[in-house]
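# Fold and geometry: a report
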Amino acid sequence: MQVDVSNEEIVNTSMEYSQLDYGDRIQELESQTSGKKSIVLLSLFPKPQYVLYYLGLFICVGGFIYGLNVSLISGALLFLKTDMNLDTPQESLVSSGMSLGGIGGALLAIPCNEYLGRKHSILIACLFYTIGAILEASSQSYGEMVAGRVILGMGVALGTMTIPIYASECFPKSKRGAIVSLYTVMIMLGILSGYIVSAIFLHVVGTWRYILGSSLVFSSLLMLGVLFFPESPRWLMRKDALLNAYITWKGLRGLDRVEEREEFLMMEKVCHTEKEASKGRWIWLDFYRIPYCRKACIHGVLLMFFQQFSGTNSILYFLGSMYRKAGLSVHDSIYISMIGGGTLFLSSIPAIYMVDRYGRRPLLLILTPGVIIGLIFIGCSFFSCCTQSLVAIYTVGVVLFYIFWGSSLGPVPFVMNAELYPNYLRSYGMSLGILSNFIGNWITSYAFLEMTRAMTKPGTFIGFYGGITAIGWFYFLLLVPETKNLSLEEIKDILDRPWKDILLQNVQRMASIVSFQQ
């Protein structure tokens, strides 16, 4: 028996609800929820859009914390190497420790999201943020520092997986891509802020302790804000809390528009059917057994793989160190690192608009070649014969890389991973995507210094990262479907098609664009 809902059943469900008297069903739910108290946050705001503004604000804080912790280590490493007498393998493990912890955090995210819900998973992530930052800032040895980095990484992975899912389940489909892209933009702002924080504490005694401990301010703020979050209505529906799901949906989305009523009733039917069909089964096997789930898993993992193996974290984590090795002073290395961080932040802002205006796939196809050009510049910089030209060409390469990466490989994998999977597999599927993200993150950051020795710096950036990104572009061109303006249930219909149909459709689109231009 197939666990998931078939295409025909989805279509029939849609037809059934399109012929329903929505007023009768809504009136029935209203009568059942009459007298029930609403969540404090939902009762504080007179309109659903204000609740979404509140959620969006703290979703942004969650992204900011992730980015901040990514780049803080770049400046801290310049001082840690001397204070703790780190050798090359130890430096690599300290820089990649957060990614290593992220692997464990992605695995932990599965039971947390499935059994505790989205809200409590984010709260647990905040606890990991706080404990990890305290350990980092108070470390007296190399071992303590690695432990702090690993615990921090667990929180980062748990938050990175849960927050986009929560956003996609609470916000309307017309805003879903934008809010997840905004989350990604805030990651980029956090990255820029990490370099700024390093510069602020540059002349303070105990520099790296203040740098690494600065994230405590924002993790505490996020924890306070999340305490007032409502639970995801889709998760509540999956747990047979229909009335609570209705109250939450009404507070988040309102029921004035037909589209909102239709989506709620569709969600009710689909969640019920999926839950009944999955009783007593190992639903993990659906990633292999059901073609739609298998395709969603493949796309989710590959999108994260190509994001990480574009070399972004090798550049971010070692940006200050690379400038230092090029001959710049510690102070100049930190200051010039802000150029790359600022470019990444500014280039990610257009994605908020473009991801829902032009779609996910066009951004990948148009902008990814620019990422490759940036990698070529970075690799060629090491052929320079003097420090000034090396730093100039390297900086131009970093700027080019992030101009194009910030609105393509940065946000799109997160957006698509949050919307590809059916409701009953979403926490599992997103965990696989985030797990592959942090595995790639750890591999590329931990092995980076050794890779540059074995393959040379030009070989690493141009041959390895550039080659993998070029392969990714062909994958985007031929096999990645478009999911713009589709409900989470409509995306299933696309992925139910055979691979050859998706390939043919993409080729036809490409041919029509070429013929139109001619």
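So, how was this worked out
Residues numbered from 1 in each chain as written. Predicted model: local features only at pLDDT ≥ 70, side-chain atom pairs only at ≥ 80, totals over all residues. Heavy atoms only, no water. UniProt positions renumbered as here; feature names shortened; annotations may be inferred. Helix = DSSP H or I, 4+ residues; strand = E, 2+ residues; numbered from the N terminus. Buried < 20%, exposed > 50% of the residue type's maximum accessible area, 1.4 Å probe, protein only. Contact = heavy atoms within 4.5 Å. Areas by Shrake-Rupley, 256 points an atom, 1.4 Å probe, with all protein chains shown as cover. Salt bridge = Lys/Arg side-chain N within 4 Å of Asp/Glu carboxyl O. Axes fitted to C-alpha atoms, helices over the stretch in contact; angles between N-to-C directions. Parallel < 35°, antiparallel > 145°, perpendicular 65-115°, else oblique. Left-handed = near helix turned anticlockwise from the far one by under 90°. Nonpolar A, V, L, I, M, F, W, Y, C, P; charged D, E, K, R; others polar. Expected span 1.5 Å × (residues − 1). Bend = angle between axes of the 7 residues up to and from the residue. Polar contact = N/O pair within 3.5 Å; in protein donor to acceptor, adjacent residues only side chain to side chain. 1 Å grid on protein atoms, 1.4 Å probe; cavity = no way out; pocket = protein on both sides within 12 Å on 5 of 7 lines; lining within 4 Å. Points joined across faces, edges and corners; volume = space filled by probe spheres on them. Patch = residues over 30% accessible without salt bridge, like charges linked within 9 Å, V, L, I, M, F, W, Y side chains within 5 Å.

Per an unreviewed UniProt entry, the protein goes by the name Major facilitator superfamily (MFS) profile domain-containing protein and belongs to Galdieria partita. In its Sequence similarities (unreviewed entry) section, the UniProt entry covering the protein states "Belongs to the major facilitator superfamily. Sugar transporter (TC 2.A.1.1) family." The UniProt entry for the protein carries the following text under Subcellular location (unreviewed entry): "Membrane".

Scanning the protein for helices and strands turns up 27 helices and zero strands. In the protein, which comprises 518 residues, the proportion classed as buried is 60%. A separation threshold of at least 6 residues defines the contact pool for the protein, and within that pool the share at least 24 residues apart is 83%. Put simply, the protein shows about 19,800 Å² of open surface, and 66% of that area lies on carbon and sulfur atoms.

Quick look at the pattern of salt bridges now. As a working rule, side chains carrying opposite charge can pair if their charged atoms are close by. Applying the stated rule across the entire model yields 10 salt bridges. Its salt-bridge partner being Glu450, residue Arg453 comes within 3.7 Å of it at the nearest N-O pair. On the criterion of helical spacing, the pair formed by Arg453 and Glu450 is a turn pair, its members being three residues apart in helix α24 (residues 448–455). Judged by relative accessible area, which is 42%, Glu450 ranks as partly exposed. The residue Asp496 makes a salt bridge to Lys492 at a minimum N-O spacing of 2.7 Å. On the accessibility criterion, Lys492 (4% relative accessible area) is buried.

The next thing to look at is the environment of Phe128. Inspection of the secondary structure assignment puts Phe128 in helix α6 (residues 118–137). Taking the C-alpha atoms as reference points, Phe128 and Ile151, 23 residues apart in sequence, are found 5.9 Å from one another. Apart from residues lying up to four places away in sequence, Phe128 is in contact with Leu108, Ile151, Leu152, Met154, Gly155 and Leu158.

Our focus in this paragraph is unusual backbone geometry. Positive phi outside glycine occurs at Asp240, with the angle close to 65 degrees. Along the polypeptide, Asp240 turns up in the loop between α11 (233–238) and α12 (242–253). Accessibility expressed as a relative area gives 58% for Asp240, which makes it exposed. Positive phi, normally seen in glycine, also occurs at Thr456, with a value near 70 degrees. Assignment of secondary structure puts Thr456 in the loop between α24 and α25 (457–479). On the basis of relative accessibility, which here comes to 43%, the residue Thr456 falls in the partly exposed class.

Between helix α17 (residues 319–326) and helix α21 (residues 387–405), the shortest axis-to-axis distance is 10 Å and the interhelical angle comes to 160 degrees. Viewed along their axes, α17 and α21 adopt a mutual orientation that is roughly antiparallel. In this structure, α17 crosses over α21, and the sense of that crossing is right-handed. On the side of α17, the interface is formed by Leu319, Met322, Tyr323 and Ala326, while α21 contributes Thr387, Leu390, Val391, Tyr394, Thr395 and Val398. A per-class count over the contact of α17 with α21 returns eight nonpolar, two polar and no charged.

For the α-helix, the turn length of 3.6 residues means that residues three or four positions removed from each other point alike. Between its first and last C-alpha, α25 extends 32 Å over 23 residues, near the 33 Å set by a 1.5 Å rise per residue. Remark: the principal bend of α25, roughly 30 degrees, maps to Gly466. Residues of α25 that are buried include every one of Pro458, Thr460, Phe461, Tyr465, Gly466, Ile468, Thr469, Gly472, Tyr475, Phe476 and Leu477, and no others. The distance from a side-chain oxygen at the start of α25 to the backbone nitrogen of Gly459 is 3.2 Å, and the residue carrying that oxygen is Thr456.

Here the structure, examined in full by the defined rule, presents four cavities of 30 Å³ or more. In this structure, the largest cavity encloses a volume near 140 Å³. Forming the boundary of the largest cavity are 15 residues, of which Tyr66, Ile187, Gln308, Asn313 and Trp405 lie nearest the centre. Elements that contribute at least two residues to the lining of the largest cavity include exactly α4 (48–83), α8 (173–200), α15 (291–308) and α16 (312–317). With four residues, α8 is the single largest residue contributor to the lining of the largest cavity.

Where nonpolar side chains cluster on the molecular surface, the patch consists of Leu478, Leu503, Val507 and Met510 and spans about 260 Å² of accessible area. Top element by residues in the nonpolar patch is helix α27 (residues 499–517). It accounts for three residues. On the secondary structure map, Leu478 appears in helix α25. The class of Leu478 is partly exposed, set by a relative accessible area of 31%.

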